[in-house]
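Observations on the model geometry
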Amino acid sequence: MRVKRQKQQKKIMAVYTNSFQFREPFQVLVDGTFLNAANLMNSNLEESIPRIFAAQVKLMTTNCVHVELKTLGYHYKVPASIAASMEKRKCNHYPPKSPAECFQGILGEENKFRYCVATQDKNLRSILRKIPGTPLIYINKSVMILEPTSPATTKRAEELELEKSKPLSHEKILVLKKAELQQKESESNLAFNNKKKKPAAPNPLSCKKKKPKIVPKLVAKLEAAPLIKESDTVSKVKSQDLEKTLTSLKRKKDVNLSEIDESINDVMSTSIKKKRKRRKSNKKLQSTD
Ligand SMILES: [Zn+2]
């Protein structure tokens, strides 16, 4: 039974350590009712309370608790002396308040200093259950018990776990900046790709005028040359002239095709003209005869 209870209490304290940042040594505020109950069962709080948490604890009380026990008279002498020996948590209550009011004042609405409270006051425990993250201890039939987490504590623990899973404000900014950066990168990549698709501007160095390919046509003219040479209309001399011209043109590989045509036409026309002249002169001679 004890082992089972210890496991349960360990599980309960895990909620406080994980969600509410409770750390050893756990601070335990003890009131007069609890000190009295512990005294009646001859329990040493320095030993019994650390067993509940399975951890180191720091027992504390307040001046208000001590004053109340002293005013209760002889029957509360032992608990009053125990309270006097304990560390006092400053509460600044002058004149002293009731322990219930005193503890509520210390814990506030959030229990931001992370106190555990040990009390037999049912009404006080009921009030403190509404403060999220407040472990409560009480004695039941000579057994010290750590209360299960209250609904307020459970709800707040769930909210805190949810907040942990969300990115923090500075993380949100980082995420947004990263997204913005990625968008810019993708846009610049897109622009670069579009630019790449366009035909590249021609390299001025590679923009020299293409030389006309005259060799095939030149060869064709040269092949045609023997026909002209064999023709009756062209003299042997002029055929030689034509051949010379074509040879020189052939050497000049860079010559334009129009130059070849002109050269051939020149040779052809001069030879035809000269032949006509010769015929005319022959006719004249025949007529004079
Ligand atoms: Zn006080």
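As recorded in an unreviewed UniProt entry, the protein goes by the name U three protein 23, listed as coming from Clydaea vesicula. In its Subcellular location (unreviewed entry) section, UniProt records this for the protein: "Nucleus, Nucleolus". The record in UniProt for the protein states the following under Sequence similarities (unreviewed entry): "Belongs to the UTP23/FCF1 family. UTP23 subfamily."

Contact pair helix 4 (residues 63-71) / helix 5 (residues 77-85): the axes reach a minimum separation of 9 Å and the direction vectors enclose 155°. Judged by the angle between their axes, helix 4 and helix 5 are roughly antiparallel. Between helix 4 and helix 5 lies a crossing whose hand is left-handed. Along its contact with helix 4, which presents V65, H66, L69 and K70, the element helix 5 presents P79, A80, A83 and A84. Of the residues that constitute the contact of helix 4 with helix 5, the class distribution is six nonpolar, one polar and one charged.

A few words on the nonpolar core. Grouped together as the largest cluster of nonpolar side chains are 39 residues, with contacts concentrated most on V28, L29, V30, V117 and A118. For L29, the contacting residues outside a window of four places in its chain are M60, T61, R89, F103, I106, Y115, V117 and A118.

Side-chain alternation along strand 6 (residues 143-146) places M144 and L146 on a buried face and V143 and I145 on a face that remains uncovered. Looking at chain direction, strand 5 (residues 136-140) and strand 6 are connected through four bridges and run antiparallel. Residue pairing in the sheet places I137 in a bridge with L146 of strand 6. Taken together, strand 5 and the strand that follows it, strand 6, pair antiparallel across an intervening segment of two residues, in which K141 is found at a positive phi of about 55°.

In spatial order, the strands read 3-2-1-4-5-6; together these six strands make up an open sheet with mixed pairing. Each of the sheet's edge strands pairs with one partner strand only, and the pair in question is strand 3 (87-89) and strand 6. With direction set aside, neighbouring strand axes in the sheet form an average angle of 35°. Where strand 1 (residues 26-30) meets strand 2 (residues 57-62), four bridges bridge the pair, whose relative direction is parallel. When the sheet's bridge partners are listed, V28 is paired in strand 2 with L59. Packing of helix 3 (residues 45-53) onto the sheet brings it into contact with strand 1, strand 2, strand 4 (115-118), strand 5 and strand 6, and relative to strand 2 it is tilted by some 120°.

Going residue by residue along strand 4, you find Y115 and V117 tucked away on one face and C116 and A118 tucked away on the opposite face as well. Two strands pair when backbone bridges link them, and strand 4 and strand 5 are joined in this way by two bridges, in the parallel orientation. Residue pairing for strand 5: A118 is matched across the bridge by I137.

A few words now on the environment of D121. Here D121 lies in the loop between strand 4 and helix 7 (122-128). When the C-alpha atoms of D121 and Y138 are compared, they prove to be 8.6 Å apart, with 17 residues separating the residues in sequence. In this structure, D121 is in contact with D31, T33 and A100, ignoring residues within four places of it in sequence.

Cis geometry marks the peptide bond from E24 to P25, where omega comes out at -10°. Relative to the helices and strands, P25 is located in the loop between helix 1 (2-19) and strand 1. For the bond from Y94 to P95, the omega torsion is 0°, close enough to zero to count as cis. A positive phi angle is found at N92, which is not glycine, with a value near 55°.

Turning to its location among the elements, V30 is positioned in strand 1. Residues V30 and V117, spaced 87 residues apart in sequence, show a C-alpha to C-alpha distance of 6.1 Å.

Looking at the secondary structure, you find L128 in helix 7. With 24 C-beta atoms packed within 10 Å, L128 lands in the buried category. Placed 24 residues apart in sequence, L128 and Q104 show a C-alpha to C-alpha distance of 7.4 Å. Apart from the residues lying within four places of it in its own chain, the contact partners of L128 are L107, V117, T134 and L136.

Quick look at the packing of helix 2 (residues 32-40) against helix 5 now. Where helix 2 meets helix 5, the closest approach of the two axes is 9 Å, and the angle between their N-to-C directions is 120°. Handedness of the crossing formed by helix 2 with helix 5: right-handed. Side by side, helix 2 and helix 5 meet where G32, L35, N36 and N39 of the first sit next to V78, P79, I82 and A83 of the second. Here the residues of the contact of helix 2 with helix 5 are counted per class, giving five nonpolar, three polar and no charged.

Cut-offs used in this document
Residues numbered from 1 in each chain as written. Predicted model: local features only at pLDDT ≥ 70, side-chain atom pairs only at ≥ 80, totals over all residues. UniProt positions renumbered as here; feature names shortened; annotations may be inferred. Axes fitted to C-alpha atoms, helices over the stretch in contact; angles between N-to-C directions. Helix = DSSP H or I, 4+ residues; strand = E, 2+ residues; numbered from the N terminus. Parallel < 35°, antiparallel > 145°, perpendicular 65-115°, else oblique. Left-handed = near helix turned anticlockwise from the far one by under 90°. Contact = placed C-beta atoms within 7 Å. Nonpolar A, V, L, I, M, F, W, Y, C, P; charged D, E, K, R; others polar. Core = buried A, V, L, I, M, F, W, Y, C linked by C-beta atoms within 7 Å. Buried ≥ 20, exposed ≤ 12 C-beta atoms within 10 Å, placed from the backbone. Pairing = 2+ DSSP bridges.

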